[in-house]
Amino acid sequence: MRSGVIDIVSGKTDMAHDEFMEIGLVRYPGAQMAAVLGLTDLFDLANRIAARHRKRATEVLRVSHWQLDAAGKTPVRVFTTAPDDTDALAVLILPPCLEDPPSAATAAPFTDWLRRQHGLGVTLGSVCAGAFLLGETGLLAGRTVTTHWMYAELFQARFPDVRMDADRLIIDDGDIVTAGGAMAWTDLGLRLVDRFLGPTVMIETARVLLVDPSGREQRYYSPFSPRLTHGDAAVLKVQHWLQATDAREIALATLAARAGLEERTFLRRFQKATGMTTREYCQRLRVGKAREMLQFSRLPVDRIAWEVGYSDPGTFRKLFARIVGLTPGEYRRRFSAE
């Protein structure tokens, strides 16, 4: 596959001047057309900005749309921004959907094709629930990926050999790029503009569209959603108690007694059921409460730290920043409802 980043200052690139790269958008059943059309416009704008910097009209990025043929068996190109017989497919993107995540049956006509394209050097990308279709290819095994935080548990259940990190908005492995929430198509689009046209064009594209350049994290927005459907009644009882008491009492002896289990047994079962240690779980509950107070109250940060169980405000600030990705002050400035 062709690749290269344009040098905006010199106008040179490591590709021949008449070469281009094609970014394909896959219109699978249920795919969100707003994202498909939005990405088409984003790449068109980036092309025009890059052309202005290079002082010539040659486009570097071609955008195409792909969907199943009339027989519903093979993906075919149904739209392109620059009709040409040249095969220059460099990226295929699986957009989000506004329905349930794609099932194995929905993905079936696409999986072999996606695997073949990946084998030819095409980068595969997904946004939000598009990751489910990508997961059906088997190409994500052993990798760390992201999707919308609401789908993280379902994704992990369907693809247990894939590491899920729903705190992150975008994970770029080079040949596979996954993005989180439904609007993360803007972040994925800007990441690809940066890759192919360089940071100057990416930043100007973001500025024209009035969107933040790549660098946000999904954890800024996603609340803590504990796993509650694990089937361990003893652990669930403790989870409900912690939720009701804002995790104020987190001593192991107390938690094990609530569960009616020996401490070592409780620790093992709690981690198996929730995917976290009791300490990690309680930290996330407390930080979740702090986020709510930062958003809807004007209490000082030190007071909020005390209210959620931390006598040392410095410790609270470090923990909050590690889990949320923003300091308490930054979070309040961004999300305050007052």
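Higher on the page you've got the structure.
Think of each chain on its own: its residues are numbered from 1, step by step along the sequence as written. Under the rules for a predicted model, residues below a pLDDT of 70 receive no local features and side-chain atom pairs below 80 are neither given nor counted, while totals for whole chains, interfaces and linings still include all residues. Here the side-chain values reflect all heavy atoms present in the structure, with hydrogen atoms and water set aside.

1. Concerning the sheet that holds strand S5 (residues 123–127)
Whether parallel or antiparallel, the strands of a sheet pair through hydrogen bonds between backbone atoms. An order of S3-S2-S1-S4-S5-S9-S8 is seen for the seven strands of this open sheet, with the pairing classed as mixed. Because the sheet does not close on itself, it has two edges, and the strands there are strand S3 (75–80) and strand S8 (170–172). Recorded for the sheet is a direction-independent mean angle of 20 degrees between the axes of neighbouring strands. Where S5 meets strand S9 (residues 176–179), four bridges bridge the pair, whose relative direction is parallel. Residue Val 127 lies in a different strand from S9, and its bridge partner there is Ala 179. For this analysis, residues touch if any pair of their heavy atoms sits within 4.5 Å. Between N-to-C directions, angles cover 0 to 180 degrees, with each direction set by a line fitted to C-alpha atoms, over the stretch in contact for helices. For helices the rule is a DSSP run of H or I covering at least 4 residues; for strands it is a run of E covering at least 2, with both sets numbered from the N terminus onward. Sheet contacts for helix H1 (residues 33–54): strand S1 (21–26), strand S2 (61–68), S3 and strand S4 (89–94); angle to S2, the most-contacted strand, approximately 165 degrees. For two strands to pair, DSSP has to find at least two bridges joining them.

2. Remarks on the packing of aromatic side chains
Each aromatic ring pair is summarised here by two numbers: the centre-to-centre distance and the angle between the ring planes. Centres within 6.5 Å make a pair out of two Phe, Tyr or Trp rings, where for Trp the six-membered ring is used; the pair is then stacked when the planes are under 30 degrees apart, edge-to-face when over 60, and tilted otherwise. Evaluation of the coordinates by the stated rule reveals 12 aromatic pairs. Aromatic pair Phe 132 and Phe 155: ring centres 5.1 Å apart, planes at 80 degrees, arrangement edge-to-face. Of this pair, Phe 132 sits in helix H3 (residues 130–135) while Phe 155 sits in helix H4 (residues 152–158), and the two are 23 residues apart along the sequence. Just as Phe 132 is buried, Phe 155 falls in that class too. Three labels apply to residues, based on accessible area from a 1.4 Å probe with only protein chains included: buried if under 20% of the type maximum, exposed if over 50%, partly exposed otherwise in between.

3. Notes on the side chain of His 118
Relative to the helices and strands, His 118 resides in helix H2 (residues 104–119). When near neighbours in sequence (up to four residues on either side) are disregarded, His 118 contacts Leu 124, Leu 139, Arg 143, Asp 175 and Ile 176.

4. Observations regarding the pattern of salt bridges
The rule for a salt bridge is simple: a side-chain nitrogen of Lys or Arg has to be within 4 Å of a carboxyl oxygen of Asp or Glu. Counted according to the given criterion, the structure contains 14 salt bridges. The salt bridge involving Asp 44 is made with Arg 48; its shortest N-O contact spans 3.2 Å. Of this pair, Asp 44 and Arg 48 both sit in helix H1, four residues apart, roughly one helical turn. The exposure class of Asp 44 is partly exposed, given its relative accessible area of 32%. The partner of Arg 284 in a salt bridge is Asp 167, with the nearest N and O atoms 3.3 Å apart. Taken together, the residues Arg 284 in helix H10 (residues 278–296) and Asp 167 in the loop between strand S7 (163–164) and S8 connect sequence positions 117 residues apart. Arg 284 sits in the partly exposed class, given a relative accessible area of 24%. The exposure class assigned to Asp 167 is partly exposed, which follows from its relative accessible area of 22%. Three or more residues are tied together by salt bridges with common partners; here these are Glu 22, Arg 62 and Arg 77.

5. Points about the environment of Asp 246
Mapped onto the elements, Asp 246 comes out in the loop between helix H7 (233–244) and helix H8 (252–259). Residue Asp 246 is classed as partly exposed on the basis of its relative accessible area, which comes to 31%.

6. Observations regarding the packing of H8 against helix H9 (residues 263–274)
At a minimum axis separation of 9 Å, H8 and H9 run at an interaxial angle of 80 degrees. Between H8 and H9, the angle falls in the class roughly perpendicular. Where H8 abuts H9, its residues Leu 252, Ala 253, Leu 255, Ala 256 and Ala 259 lie against Glu 263, Phe 266 and Leu 267. Just so you know the grouping, Ala, Val, Leu, Ile, Met, Phe, Trp, Tyr, Cys and Pro go in nonpolar, Asp, Glu, Lys and Arg go in charged, and all remaining residues, Gly too, go in polar. For the contact of H8 with H9, the class distribution of residues is seven nonpolar, no polar and one charged. When an angle is under 35 degrees it counts as roughly parallel; over 145 it counts as roughly antiparallel; between 65 and 115 it counts as roughly perpendicular; any other value is oblique.

7. Digging into the pairing of S5
Every regular strand shows the same layout, with side chains that alternate between the two sheet faces. With five of its five residues buried, S5 lies for the most part within the structure. By the alternation rule, side chains of S5 split into Thr 123, Gly 125 and Val 127 and Leu 124 and Ser 126, which are all buried.

8. Some details on the packing of H10 against helix H13 (residues 328–335)
Look at H10 against H13: their axes get within 8 Å of each other, and the N-to-C directions meet at 50 degrees. In this view, H10 runs oblique relative to H13, as classed from their interaxial angle. As H10 packs across H13, the resulting crossing turns out to be right-handed. Between H10 and H13, the residues in contact are Arg 291, Met 293, Leu 294 and Gln 295 and Pro 328, Tyr 331, Arg 332 and Phe 335, respectively. Partitioning the contact of H10 with H13 into residue classes produces five nonpolar, one polar and two charged. The handedness criterion is simple: a crossing whose near helix is rotated anticlockwise from the far helix by less than a right angle is left-handed, and one whose near helix is rotated clockwise is right-handed.

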